[in-house]
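Remarks on the overall topology
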Amino acid sequence: MSNFKKREDFIPYNVPDITDAEINEVVDTLKSGWIAKGPRTNRFEKEFAAYLGAKHAVAVNSCTAALHVALMTQDIGPGDEVITTPMTFASTANTILHTGATPVFADIDYRTGCIDPEEIEQKITPKTKAIVPVHYSGQVCDLDRIYDIADQHGLFVSEDAAHALWSRYKGRLIGNKLPGAACYSFYATKNLCTGDGGMLVTDDDKIDAKARILVGQGMSHNAWNRYAKGGTWKYDIAEPGFKYNMFDLQAALGLVQLSRMEEMQAARLQIAARYQEAFGKIDALDPPFVPDYATHCWHLYVLRIVPELLTIDRDQFIVELNERNVGTSVHFIPVHYMSAYKNRFGYQESDFPMTQKHFERIISLPLYPTMTDEQVNYVIAAVTDIVEKFHK
Ligand SMILES: Cc1ncc(COP(=O)(O)O)c(C=O)c1O
């Protein structure tokens, strides 16, 4: 039996890793006289593209914006279908609806939590225009299979890489040598965070040019061009775009976070390895499986319980963790469970059986670079204690 001892203070599910370097860069930006989109955003775009080995990076105010604009660059709209996964945050599917197209869900591969290429193939119709695979939790989708299907059917691929900065497929960074686009999130919990923010990455000059126009209201010149010495006050609206651009206070955080990426990842990898080792030995737990083709960036640590071996379900497991002062989350309540989608498309929760089974078992545990060894040990001890207490 474990001699578990409850701690006094709560371990939050997530804490952003912000050092004096980020704080100083934000202060320098505030003092610089330019806080809107300008030199730091431009530099962050260049450094981010260089980091991934991509040709273009367009900085935006969220991954949601990037996902929307990526589809808009292909003129996807009413009458079109876009295939994605229900095991994602709603914005992946919402942005398909925002274009006027219809999201079509394909079930996940239960081993990885990512969209199953076989399921994609079954969902293709003459109306299908694109696939939006999600690199769920930092795990990577089976991209060779997905791009084969896309090539065969002439489909655009926009990778939802919100979780996948630093992840690799067959050794190559996600975002490197893209036929289409990849969309990143810099929301507060992400591996690189700017509070809110995102990036659309592409090697395609046309996608880059169109995305730049769309994210800046459709304007031919942005404010930095207009207000700089020698700039012109004249501009045209090439098409009605969106107010989606990043601005320099966000980019200030992004530049420093990008320079700290390897150090932050080293800490994440170490914590994930500790969890994998500890939970791999417990029969009532099902730790994440990482296929040979994947290098996981461990944005999330999604632990599955094995309810058949426990007297409590996932919801009660979370209550027990909370009582032991461990913060958790669930990624995700599937999109087809949401009333907006149920009401509009008539979904049943059982429509995607692998997604449903996965959802009923998952708990996201704390994993962030500033976690101490003592906190990691405590989370392992708390999970182990619950399994011992409630094992059948
Ligand atoms: C898989 C996935 N896609 C897209 C998004 C949207 O990202 P953002 O909040 O930057 O718009 C999220 C947000 O967490 C996400 O988890």
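What you see as residue numbers is a count from 1 along each chain, following the sequence as written. With pLDDT at 70 or above as the cut-off, local features in this predicted model cover only qualifying residues; side-chain atom pairs require 80 or more to be listed or tallied, and sums for whole chains, interfaces and linings still use all residues. For side-chain calculations, the full set of non-hydrogen atoms in the structure is used, while hydrogens and water are omitted.

Concerning the environment of Tyr136
Tracing the backbone through its elements, the reader meets Tyr136 in the loop between β4 (128-132) and α6 (143-153). When the C-alpha atoms of Tyr136 and Ala59 are compared, they prove to be 22 Å apart, with 77 residues separating the residues in sequence. For this analysis, residues touch if any pair of their heavy atoms sits within 4.5 Å. Setting aside anything within four residues of it in sequence, one finds Tyr136 in contact with Met87, Thr112, Gly113, Cys114, His163, Val302, His331, Phe332, His358 and Ile362. Strands here mean DSSP runs of E at least two residues long; helices mean DSSP runs of H or I at least four residues long; both are numbered from the N terminus.

Focus on empty space enclosed by the protein
In this approach a probe as big as a water molecule rolls over the atoms, and the regions it shows empty are the leftover space. Using a 1 Å grid laid over the protein atoms alone, points where a 1.4 Å probe fits but cannot get out form a cavity; open sets with protein on both sides within 12 Å along at least 5 of 7 lines form a pocket; any residue with an atom within 4 Å of a point counts as lining. Grid points are joined across faces, edges and corners, and a volume is the space filled by probe spheres set on the points. Scanning all chains against the criterion turns up three cavities of 30 Å³ or more. The computed volume of the largest cavity comes to approximately 120 Å³. Throughout the structure description, domain borders are defined by an automatic or database domain assignment. For the lining of the largest cavity, the two domains that each supply at least three residues are domain 1 (20-259) and domain 2 (262-390). Quantified by volume, the second largest cavity comes out at close to 70 Å³. Classifying every residue of the lining of the second largest cavity by side-chain character gives seven nonpolar, four polar and three charged. Looking at the lining of the second largest cavity, you find at least three residues from each of domain 1 (20-259) and domain 2 (262-390). Any residue that is not Ala, Val, Leu, Ile, Met, Phe, Trp, Tyr, Cys, Pro, Asp, Glu, Lys or Arg is counted as polar, Gly included; the first ten are nonpolar and the last four charged.

Considerations on the pattern of salt bridges
One speaks of a salt bridge when a side-chain nitrogen belonging to Lys or Arg is within 4 Å of a carboxyl oxygen belonging to Asp or Glu. Counted by the stated rule, this structure contains 26 salt bridges. Two residues, Glu118 and Arg145, come together in a salt bridge whose shortest N-O distance is 3.1 Å. Of this pair, Glu118 sits in helix α5 (residues 117-123) while Arg145 sits in helix α6, and the two are 27 residues apart along the sequence. Relative accessible area decides the class of each residue, using a 1.4 Å probe on protein chains only: under 20% of the type maximum gives buried, over 50% gives exposed, and in between gives partly exposed. Glu118 gets classed as partly exposed once you look at its relative accessible area, which sits at 42%.

Notes on the site of the ligand
The local shell around the ligand holds 16 residues, among which Thr64, Asp160, His163, Ser185 and Lys190 are the closest. Within the backbone of Cys63, one N or O atom sits 2.9 Å away from an oxygen atom of the ligand. The protein chains hide 90% of the 390 Å² of surface that the ligand would expose on its own. Mapped onto the shell around the ligand, the elements with two or more residues apiece are α3 (63-72) and α4 (90-99). When the residues that make up the shell around the ligand are grouped by side-chain class, the tally is six nonpolar, eight polar and two charged. The criterion for a residue being near a molecule or strand is simple. One of its heavy atoms has to lie within 4 Å of it. Here a polar contact means two N or O atoms within 3.5 Å. Within protein one must be a hydrogen donor candidate and the other an acceptor candidate, and residues neighboring in sequence count only if both atoms are side-chain atoms. Here the open area of atoms and residues is found with the Shrake-Rupley method and a 1.4 Å probe, where only the protein chains shown may cover a residue.

What about helix α9 (residues 248-259)?
For a helix, the expected span equals 1.5 Å multiplied by the residue count minus one. Look at α9: 16 Å from first C-alpha to last across twelve residues, which is about the 16 Å you get at 1.5 Å a residue. Where burial is concerned, most of α9 is hidden: eleven out of the twelve residues are buried. Those residues of α9 not exposed but buried are Asp248, Leu249, Gln250, Ala251, Ala252, Leu253, Gly254, Leu255, Val256, Gln257 and Leu258. Packing partners of the buried residues in α9 comprise α1 (20-32), α2 (39-52) and α10 (261-279).

Describing the sheet that holds strand β7 (residues 172-173)
Pairing between sheet strands relies on hydrogen bonds along the backbone, with the strands arranged either parallel or antiparallel. Whether two strands pair depends on DSSP finding at least two bridges between them. Strand order across the open sheet formed by three strands is β7-β6-β11, with antiparallel pairing between neighbours. Each edge of the open sheet is held by one strand with a lone partner, namely β7 and β11 (294-295). Both strand β6 (residues 168-169) and β11 contribute to a ladder of two bridges, which runs antiparallel. Residue pairing in the sheet places Arg168 in a bridge with Thr295 of β11.

Some details on the environment of Tyr110
Relative to the helices and strands, Tyr110 is located in the loop between β3 (102-105) and α5. Distance from Tyr110 to Arg344, taken between C-alpha atoms, is 26 Å for residues 234 residues apart in sequence.

Some words on the pairing of strand β5 (residues 156-160)
Counting buried positions along β5 yields five of five residues, so the element is predominantly enclosed. Here β5 shows two buried faces, one formed by Phe156, Ser158 and Asp160 and the other by Val157 and Glu159. Viewed with both strands pointing away, a crossover whose connecting path from the first strand over the helix to the second turns clockwise is right-handed. The parallel pair β4 and β5 is bridged by α6, and the resulting crossover is right-handed.

Considering a nonpolar patch on the surface
Patch members must show over 30% relative accessible area and no salt bridge, and they are joined within 9 Å when carrying like charges or within 5 Å when they are nonpolar side chains of Val, Leu, Ile, Met, Phe, Trp or Tyr. There is a patch of nonpolar side chains on the surface, built from Ile18, Ile23 and Val27 and spanning about 210 Å² of accessible area. On the secondary structure map, Ile23 appears in helix α1.

Looking at the packing of α3 against α4
Each axis is a line fitted through C-alpha atoms, taken for helices only over the stretch in contact, and angles between the N-to-C directions span 0 to 180 degrees. Running from amino to carboxyl end, α3 crosses α4 at an angle of 40°, the nearest separation of the two axes being 9 Å. Taken together, the axis directions place α3 and α4 in an arrangement best described as oblique. Handedness of the α3/α4 crossing: right-handed. Contacts between α3 and α4 involve Thr64, Leu67, His68, Leu71 and Met72 on the former and, on the latter, Ser91, Thr92, Thr95, Ile96, His98 and Thr99. When its residues are assigned to classes, the contact of α3 with α4 shows four nonpolar, seven polar and no charged. Each angle gets one of four labels, with under 35 degrees taken as roughly parallel, over 145 as roughly antiparallel, 65 to 115 as roughly perpendicular, and the rest as oblique. Each crossing gets its hand from how the near helix is turned against the far one by less than a right angle, where anticlockwise is left-handed and clockwise is right-handed.

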